[in-house]
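Examination of the molecular architecture
Listed below, chain by chain, are the residues.
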There are 2 protein chains.
Amino acid sequence: MKMLINVAETVVADALRGMAAAHPELAIDVENRVIVRRDAPVAGKVALVSGGGSGHEPLHGGFVGPGMLSAACPGEVFTSPVPDQMVRAAAAVDSGAGVLFIVKNYTGDVLNFDMAAELAEDEGVQVAKVLVNDDVAVTDSLFTAGRRGTGATLFVEKIAGAAAEAGMPLERVEAIARRVNENARSFGVALSACTTPAKGSPTFDLPGGELELGIGIHGEPGRERRPMMTSREIADFAVHAVLEDLDPRSPVLVLVNGMGATPLLELYGFNAEVQRVLLERGVPVARTLVGNYVTSLDMAGASVTLCQVDEELLRLWDAPVRTAGLRWGR
Amino acid sequence: MKMLINVAETVVADALRGMAAAHPELAIDVENRVIVRRDAPVAGKVALVSGGGSGHEPLHGGFVGPGMLSAACPGEVFTSPVPDQMVRAAAAVDSGAGVLFIVKNYTGDVLNFDMAAELAEDEGVQVAKVLVNDDVAVTDSLFTAGRRGTGATLFVEKIAGAAAEAGMPLERVEAIARRVNENARSFGVALSACTTPAKGSPTFDLPGGELELGIGIHGEPGRERRPMMTSREIADFAVHAVLEDLDPRSPVLVLVNGMGATPLLELYGFNAEVQRVLLERGVPVARTLVGNYVTSLDMAGASVTLCQVDEELLRLWDAPVRTAGLRWGR
């Protein structure tokens, strides 16, 4: 497998150097692997810190900035960051108003953020945590006890980020983050496996002519394999899987997310089918976002995340955001 | 090759329907294949129209909006749009201040935009044209007489779009667009071929362990094939190729552009190497943009575009833009 890299060992450090060159509005500590918005700490504002294995870009580093994360901690590819990164990040962004850790539900991430929370609290930082576990495909996967955290992470980071930016106290920001996660569900499909730099070959074997339904974001196995399906059939399957578990009584945010190697042309076409199914099922759509946001290196495929929102969550979703990966409003 | 599509015949129409659902701020005529900013025509403002084959998203449709294009005409995948689309687009966006056609230098695009300009002028629309031909890799390729138009298209559309938004008259907007193109050069590499929906198999054959230097955005052949190179070596080759043809006497805008299937993690790492070469060569960098902007379906690889800018061009680059694919400022 060919990659645009030097050697596997320096992939994350190289990427952080390149990101720093492109984004002077971020303070990137390449050695310690912490990405911080340059104006942090912002007086009186609750800080949001997330992180996880690299390979899912723009998540999380691309979501650092006004209206979203205060800092992100990138681990090695598909490997949890270490507590030291999270403690450093918390110390760098805490204004005294406290820090919310946003943690995707993978065993390593959960353990390390737990340990970091204890360490940060020992240093006098008030820490709250929210776990993201939106993936309806499987429970107890290769890397998880319980459900995996996938696309809903974007919704949690954006909406909780807006709440913090609006000056809400830690308990409210935490409650909002939790509400977003509870109201969000995802389902993903892979048309190809992905290849990690360290391994250099596909993380799993997906025969030509088949797709994997219910894939996670690390190439971990999904629900089942089937002969290749059309965009229409995949949308039916994915949206029905989400709606089996979420019965929206208010409009939804829709994220049609590419896994990395699927062209935007196909993602938009897939979105047309997702919207058709939602219309057929009588689910009103408030906003739709299409693109590569929570990726899995060079995996081909897509995921659908729905998040039902009330007026408050929708207003926070619409609030301005200014990050490398997501940006709107003033 | 597996794709997230229904059938090849409906790929472009499906994508336009899905784009319309995600972007209510755009008026998309799916049947006639014209994407227009909803508030067009804007009184007194010069309008910008571009277009080309589909498969390069977010180019061009994703660059329609305040501060950039007024309208875009998507053709079939890797196939020029027809004059009728361009005439419709021009009629929809012309406020009386005239229309600038931004044309990538491919034979079909050039012929069709020429014909459309005549037809639009017959209908009383004042039309100017600018040709984008920034690719230093080859002259007279499979689809081109002269140099191909690639990554610089983004710079032309953004900077000329800002000029139009600032109220400049057609001659000045045209002159600025021309100045951007004259000061911009690109060079791309492919690590894999791309697959068009109609063909269903890779557009060319690139053996494992080799890369193609000087690739275009349609899978047309480049300068040469070599055994796989590191990110460092590729950056040296690409930047030197650009600088052989451009001797910047002022700071440059840098676009490190993914061809579609290369992870953002790798693109950022590649950017670190591009910045290193520029530093070694004494070329000052004004701004850097990294991401998938001028793509070639699911091709893996990247291109580097440099554009030397004076104060006026830099100010126009920094001006606010609000499109699906590029967005900053207010």
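Criteria and cut-off values
Residues numbered from 1 in each chain as written. Chains lettered and ligands numbered in written order. Predicted model: local features only at pLDDT ≥ 70, side-chain atom pairs only at ≥ 80, totals over all residues. Heavy atoms only, no water. Least-squares fit on C-alpha atoms with pLDDT ≥ 70 in both. Contact = heavy atoms within 4.5 Å. Domains from an automatic or database assignment. Buried area = accessible area lost by both parts, 1.4 Å probe. Salt bridge = Lys/Arg side-chain N within 4 Å of Asp/Glu carboxyl O. Polar contact = N/O pair within 3.5 Å; in protein donor to acceptor, adjacent residues only side chain to side chain. Helix = DSSP H or I, 4+ residues; strand = E, 2+ residues; numbered from the N terminus. Nonpolar A, V, L, I, M, F, W, Y, C, P; charged D, E, K, R; others polar. Expected span 1.5 Å × (residues − 1). Buried < 20%, exposed > 50% of the residue type's maximum accessible area, 1.4 Å probe, protein only. Axes fitted to C-alpha atoms, helices over the stretch in contact; angles between N-to-C directions. Parallel < 35°, antiparallel > 145°, perpendicular 65-115°, else oblique. Left-handed = near helix turned anticlockwise from the far one by under 90°.

This paragraph deals with the relation of the copies chain A and chain B. There are two copies of the chain, and a rotation about an axis plus a shift along that axis relates them. The operation relating chain A to chain B is a screw motion whose rotation component is 180°, with 0.0 Å of axial translation and a residual RMSD of 0.0 Å. Both copies of the chain, as the preceding transformation shows, are related through a two-fold rotation axis. Of all interface residues in chain A, 100% are interface residues in chain B too; the two copies therefore contact each other through one and the same surface.

Before going further, it helps to examine the domain arrangement of chain A. All names here are of chain A. Its domain assignment divides chain A into domain 1 (8-183 + 318-324) and domain 2 (184-312). The distance between the C-alpha centroids of domain 1 and domain 2 comes to 23 Å. The interface is formed by 38 residues belonging to domain 1 together with 38 residues belonging to domain 2. Of all residues in domain 1, Phe 78, Phe 155 and Asn 183 give up the largest surface area on contact with domain 2, accounting jointly for 21% of the area buried on that side. At the junction of domain 1 with domain 2, the criterion picks out 5 salt bridges. A salt bridge links Arg 287 to Asp 318; the shortest N-O distance between them is 2.7 Å. The interface formed by domain 1 and domain 2 contains 20 residue pairs in polar contact (both at pLDDT 80 or more). When contributions to the side of domain 1 that touches domain 2 are tallied by element, the ones reaching two or more residues are helix H4 (152-165) and helix H5 (170-182). Here the element with the most residues in the side of domain 1 that touches domain 2 is H5; it accounts for 6 residues. Residue classes in the side of domain 1 that touches domain 2 are distributed as 20 nonpolar, 8 polar and 10 charged.

Taken residue by residue, the interface counts 55 residues in chain A and 55 residues in chain B. A buried area of about 4,300 Å², summed over both sides, lies between chain A and chain B, and 65% of it is on carbon and sulfur atoms. If you sort the residues of chain A by the area they bury against chain B, A:Lys2, A:Leu4 and A:Leu265 come out on top, with a joint share of 22%. At the boundary of chain A with chain B, the tally comes to 0 salt bridges. Of all the elements in the fold, those that place two or more residues in the side of chain A that touches chain B are helix H1 (11-22), helix H6 (231-243), helix H7 (264-280), strand S11 (285-291) and strand S14 (327-328) of chain A. Here the side of chain A that touches chain B takes 11 residues from H7(A), the largest share from any one element.

Right, let's talk about helix H6 (residues 231-243) of chain B for a bit. All names here are of chain B. The end-to-end C-alpha distance of H6, which contains 13 residues, comes to 18 Å, matching closely the 18 Å that a straight helix rising 1.5 Å per residue would cover. When H6 is considered as a whole, its buried residues turn out to be Ser 231, Ile 234, Ala 235, Phe 237, Ala 238, Val 239, Ala 241, Val 242 and Leu 243. The secondary structure elements touched by the buried residues of H6 are strand S7 (184-190), strand S8 (210-213), strand S9 (224-227), helix H7 (264-280) and strand S12 (301-308).

Take A:Glu273: it is sitting in helix H7. Residues A:Glu273 and A:Glu233, spaced 40 residues apart in sequence, show a C-alpha to C-alpha distance of 8.6 Å. Non-local contacts of A:Glu273, meaning those with residues more than four positions away in its chain, are made with A:Ser231, A:Arg232, A:Ala235, B:Asn6 and B:Arg17.

The next subject is the packing of H1(A) against H7(B). At a minimum axis separation of 7 Å, H1(A) and H7(B) run at an interaxial angle of 65°. By the criterion of interaxial angle, the relationship of H1(A) to H7(B) is roughly perpendicular. Like other packed secondary-structure pairs, H1(A) and H7(B) cross with a definite hand, here left-handed. Contact with H1(A), carried on its side by A:Val11, A:Asp14, A:Ala15, A:Arg17, A:Gly18, A:Met19, A:Ala21 and A:Ala22, involves B:Leu265, B:Tyr268, B:Gly269, B:Asn271, B:Ala272, B:Glu273 and B:Gln275 of H7(B) and no other residues of that element. When its residues are assigned to classes, the contact of H1(A) with H7(B) shows 8 nonpolar, 4 polar and 3 charged.

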